[in-house]
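Residue-level listing of the chains:
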Amino acid sequence: MKATAIIYDLKNFKGKEKTYLIREVYGYQDTSNHGKYKYHRQGKLTPYIKEKWGKNVIIINKKNLTKTKKILDTHNIPYQTRNIELTT
């Protein structure tokens with residue numbers, strides 16, 4: 001499968017701004033009632049992410065590259081792309 005690795009960098013964001021950005025773009029795990037219930041809140045990129053490698057690398061299908069770039073650009077997240085091929 002043809003895919004793209006996106007290497008992003010969040011070092012220019014600090015504190016609450018970084019937390020808010022990560023939650024909005026990548027999603028998060030939400031708990032309620034003292035941890036009794038857990039909910040996965042989706043971010044804007046969640047439907048496009050195929051795999052996540054480490055903290056700053058995500059793998060997406062090549063066909064979703066323009067949508068992903070648009071989301072990262074609207075949030076001013078610096079990134080680099082690399083074309084890769086995934087085999088099973």
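Structure: above.
Attention here is on the structure that accompanies the text. Here the structure is a predicted model, which means the values were calculated and not measured.

1. A closer look at the nonpolar core
- In this structure, Val-25, Tyr-26, Leu-45, Ile-58 and Ile-77 are the most contacted members of the largest nonpolar core, which totals 14 residues.
- Counting residues per element, the ones that place at least two in this core are β1 (2-8), α1 (15-26), β5 (57-61) and α2 (65-74).
- If we ignore the near neighbours within four places in the chain, the residues touching Val-25 are Gly-43, Lys-44, Leu-45, Thr-46, Ile-71, His-75 and Ile-77.
- The next biggest cluster of nonpolar side chains, apart from the first, holds five residues, and it includes Ala-3, Ala-5, Val-57 and Ile-59.

2. Topic: the pairing of strand β3 (residues 37-41)
- Where strand β2 (residues 28-32) meets β3, five bridges bridge the pair, whose relative direction is antiparallel. Bridging from a neighbouring strand, Thr-31 pairs with Lys-38 of β3.
- In textbook terms, the turn of a hairpin is the stretch between consecutive antiparallel strands, and for β2 and β3 this stretch comprises four residues, one of which, Asn-33, has a positive phi near 55°.

3. Concerning the sheet that holds β1
- The strand order across the open sheet built from four strands is β4-β5-β1-β6, with neighbouring strands paired in antiparallel fashion. What marks the edges here is a single partner per strand, and that holds for β4 (49-53) and β6 (79-85). The average angle at which neighbouring strand axes cross in this sheet is 25°, direction not considered.
- Pairing of β1 with β6 involves seven bridges; the strand directions are antiparallel. Considered in β6, the bridge of Thr-4 is made with Asn-83.
- Contacts from α2 reach β1, β5 and β6 within the one sheet, and its direction differs from that of β6 by about 160°.

4. Here's the deal with the side chain of Asn-61
- By the element assignment, Asn-61 lies in strand β5.
- Aside from chain neighbours lying at most four places away, what touches Asn-61 is Met-1, Lys-2, Tyr-48 and Lys-50.

5. Observations regarding the packing of aromatic side chains
- For the coordinates displayed, the defined rule picks out one aromatic pair.
- With centroids separated by 5.0 Å and ring planes inclined at 25°, the aromatic side chains of Tyr-8 and Tyr-26 adopt a geometry described as stacked. Placement of Tyr-8 in strand β1 and of Tyr-26 in helix α1 is noted, with a sequence separation of 18 residues between them. Neither Tyr-8 nor Tyr-26 differs from the other in exposure class; each is buried.
- Residue placement shows Arg-23 over the ring face of Tyr-28; its charged tip is 4.3 Å from the ring centre.
- The residue whose ring lies beneath Lys-52 is Tyr-26, and the NZ or CZ to ring-centre distance is 5.1 Å.

What counts and how
Residues numbered from 1 in each chain as written. Predicted model: local features only at pLDDT ≥ 70, side-chain atom pairs only at ≥ 80, totals over all residues. Heavy atoms only, no water. Core = buried A, V, L, I, M, F, W, Y, C linked by side-chain atoms within 4.5 Å. Buried < 20%, exposed > 50% of the residue type's maximum accessible area, 1.4 Å probe, protein only. Helix = DSSP H or I, 4+ residues; strand = E, 2+ residues; numbered from the N terminus. Contact = heavy atoms within 4.5 Å. Pairing = 2+ DSSP bridges. Axes fitted to C-alpha atoms, helices over the stretch in contact; angles between N-to-C directions. Phe/Tyr/Trp six-rings, centres within 6.5 Å; stacked < 30°, edge-to-face > 60°. Lys NZ or Arg CZ within 6 Å of the ring centre and 35° of its normal.

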